[in-house]
Amino acid sequence: MVRDMSEKILEVQSLKMHFPVKGGVVRKVRGYVYALDGVSFSMSPGETLGIVGESGCGKTTLGRTIISLYRPTDGTVTFRNRIISDMRQKDLLPLRRNFQMIFQDPYDSLNSRHTVRYILEEPFIIHGTGDRKEREKSIRSLLDMVGLPSGSLNRYPHEFSGGQRQRIGIARAIALRPELVICDEPVSALDVSIQSQILNLLMDLQNELNLTYLFISHDLTVVHHVSDRVAVMYLGRIVELADADTIYKSPAHPYTQALISAIPEPDPLSERERIVLQGTVPSPVNRPAGCFFHPRCPRAEKICREIYPEAANCTKGNIEHYAVCHFAKEENR
Ligand code: SF4
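Residues numbered from 1 in each chain as written. Predicted model: local features only at pLDDT ≥ 70, side-chain atom pairs only at ≥ 80, totals over all residues. Heavy atoms only, no water.

S.K.: Can you break down the environment of Leu-110 residue by residue, with the values?
M.R.: Looking at the secondary structure, you find Leu-110 in the loop between β6 (99-102) and α3 (116-126). Sequence separation of Leu-110 and Arg-165 is 55 residues, and the distance between their C-alpha atoms is 8.0 Å. With residues up to four places along the chain from it excluded, the contact list for Leu-110 reads Ile-119, Pro-157, Arg-165, Ile-168, Gly-169 and Arg-172. (Helix = DSSP H or I, 4+ residues; strand = E, 2+ residues; numbered from the N terminus. Contact = heavy atoms within 4.5 Å.)

S.K.: Tell me about the packing of aromatic side chains, residues and numbers included.
M.R.: Using the criterion set out here, one finds 7 aromatic pairs in the structure. Members of the aromatic cluster, joined through ring pairs, are Tyr-234, Tyr-255 and Phe-293. A cation sits over an aromatic face here: Arg-155 above Phe-160, 4.3 Å from the ring centre. In this structure, Arg-237 packs its charged tip against the face of Tyr-308, placed 4.3 Å from the ring centre. (Phe/Tyr/Trp six-rings, centres within 6.5 Å; stacked < 30°, edge-to-face > 60°. Lys NZ or Arg CZ within 6 Å of the ring centre and 35° of its normal.)

S.K.: Describe helix α4 (residues 132-145), listing the residues and the values that go with them.
M.R.: Here α4 contains 14 residues, and its C-alpha end-to-end distance of 20 Å stays within 8% of the 20 Å for a straight helix at 1.5 Å per residue. Those residues of α4 that sit buried are Arg-135, Ile-139, Leu-142, Leu-143 and Met-145. Around the axis of α4, the buried residues are gathered within 160 degrees of arc, so they sit on the same side. Those residues of α4 that are exposed and angled more than 90 degrees off the buried face are Lys-133, Lys-137 and Asp-144. The secondary structure elements touched by the buried residues of α4 are α3, α5 (162-174) and α6 (192-209). Phi turns positive one or two residues past the end of α4, at Gly-147, with a value near 80 degrees. (Expected span 1.5 Å × (residues − 1). Buried < 20%, exposed > 50% of the residue type's maximum accessible area, 1.4 Å probe, protein only. Arc of directions from axis to C-beta.)

S.K.: An account of the environment of Ala-244 is needed here, citing residue identities and associated values.
M.R.: For Ala-244, the location among the structural elements is in helix α8 (residues 244-249). Owing to a relative accessible area of 6%, Ala-244 belongs among the buried residues under this scheme. Leaving out residues up to four positions away in the same chain, Ala-244 has contacts with His-224, Ser-227, Asp-228, Arg-229 and Val-230.

S.K.: An account of the site of the ligand is needed here, citing residue identities and associated values.
M.R.: The environment of the ligand is made up of 13 residues, and the closest members are Cys-291, Cys-297, Cys-304, Cys-325 and His-326. Of the residues contributing to the shell around the ligand, the split by class is 9 nonpolar, 3 polar and 1 charged. (Near = heavy atom within 4 Å. Nonpolar A, V, L, I, M, F, W, Y, C, P; charged D, E, K, R; others polar.)

S.K.: So what's going on with the environment of Arg-132? Residues and values would help.
M.R.: On the secondary structure map, Arg-132 appears in helix α4. C-alpha of Arg-132 to C-alpha of Phe-19: the two residues are 113 residues apart in sequence and 42 Å apart in space.

S.K.: Tell me about unusual backbone geometry, and name the residues and values.
M.R.: Unusually for a residue other than glycine, Ser-68 sits at a positive phi of about 65 degrees. Structurally, Ser-68 can be placed in the loop between α1 (59-66) and β4 (74-79).

S.K.: Go over the pattern of salt bridges with me, naming the residues and quoting the values.
M.R.: Between side chains of opposite charge, a pair can form as their charged atoms come close. For the structure shown, the criterion picks out 15 salt bridges. Between Glu-7 and Arg-80 there is a salt bridge, with its nearest N and O atoms 3.0 Å apart. In this pair, Glu-7 is assigned in the segment before β1 (10-23) and Arg-80 in the loop between β4 and β5 (82-83), connecting sequence segments 73 residues apart. Residues Glu-159 and Arg-155 are paired through a salt bridge, measuring 3.6 Å at the closest nitrogen-oxygen approach. Classification of Arg-155 by relative accessible area gives partly exposed; the value is 29%. (Salt bridge = Lys/Arg side-chain N within 4 Å of Asp/Glu carboxyl O.)

S.K.: Account for the pairing of β4, naming residues and giving values.
M.R.: Across 5 bridges, β1 lies against β4 in antiparallel orientation. Considered in β4, the bridge of Val-12 is made with Val-77. Both β4 and β5 contribute to a ladder of 2 bridges, which runs antiparallel. Residue Thr-78 lies in a different strand from β5, and its bridge partner there is Ile-83. As consecutive antiparallel partners, β4 and β5 are separated by 2 residues, and within that stretch Arg-80 has a phi angle of approximately 50 degrees, a positive value. (Pairing = 2+ DSSP bridges.)

What follows is the structure in structure tokens.
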């Protein structure tokens with residue numbers, strides 16, 4: 001599908017989310033968790049932007065901050081030309097129907113004391129949409145869209161399998177016909193055999209309802225499969241952003257290269273070399289000086305230990321591609 005990339009549904013500008021770390025008897029602030037530290041990107045209607053990175057890189061905080069579950073420390077989130085990041089909750093409520101979230105854990109995200117009927121009806125009640133008869137019609141149609149029988153309505157979440165529960169979560173997320181859906185690791189808690197069914201469902205619904213997805217995952221294979229573009233995060237910042245094929249075939253950032261190299265190759269004769277990163281992601285409370293990735297980077301040099309790199313423009317043709325590395329342009333030549 002040809003998309004007008006100049007039209008923007010979401011613009012995230014220099015977004016920061018710093019959580020205070022308190023300690024001592026008087027609970028004094030002793031430092032900050034730099035969960036997000038200057039994240040910027042924009043999205044066009046109908047596209048899927050994948051957000052990928054190891055745990056602790058800030059990707060879930062990013063999703064939650066965008067839909068205003070957290071109030072950012074700094075920066076802005078603009079949805080359809082309206083800055084939503086500093087709105088009061090009561091002003092935000094009418095807009096909330098336009099952006100929804102699918103959570104990682106279908107066991108935790110559904111209230112086990114409510115029936116499926118109530119879980120699906122609740123968004124309509126909160127937003128005052130339709131009378132009882134119309135709501136009943138809508139929730140039956142929702143069940144049909146996500147592939148669950150109408151007999152599910154009077155059952156409770158614990159009576160369903162993990163995949164079915166995620167279908168209920170998806171039905172709830174699309175109930176009010178949002179434009180933007182944040183999918184936060186929507187398949188990582190599911191069996192591999194069920195994952196592809198849920199991914200196919202998400203892609204079918206996207207086509208049917210023209211949804212825009214911010215798709216958060218630690219799994220680059222899944223992200224590559226569903227995304228138009230991919231942003232790679234490391235310690236609260238985006239370190240590379242490009243279209244999904246470019247990220248997969250010619251990544252410019254050493255961190256992305258290492259992530260890609262760890263994807264199992266279906267071809268046993270493939271000569272792709274595995275890059276094994278040393279150590280783990282440093283603490284977002286105590287980030288290294290210079291490039292945050294330098295303690296693990298196989299390519300690090302003196303400058304990397306001293307200066308945080310600028311974003312290097314690696315764009316070829318008209319496909320935006322940047323990587324935050326002192327040597328990204330050399331890599332991408
Ligand atoms: Fe590695 Fe240096 Fe590039 Fe950082 S700036 S990713 S340490 S080469």
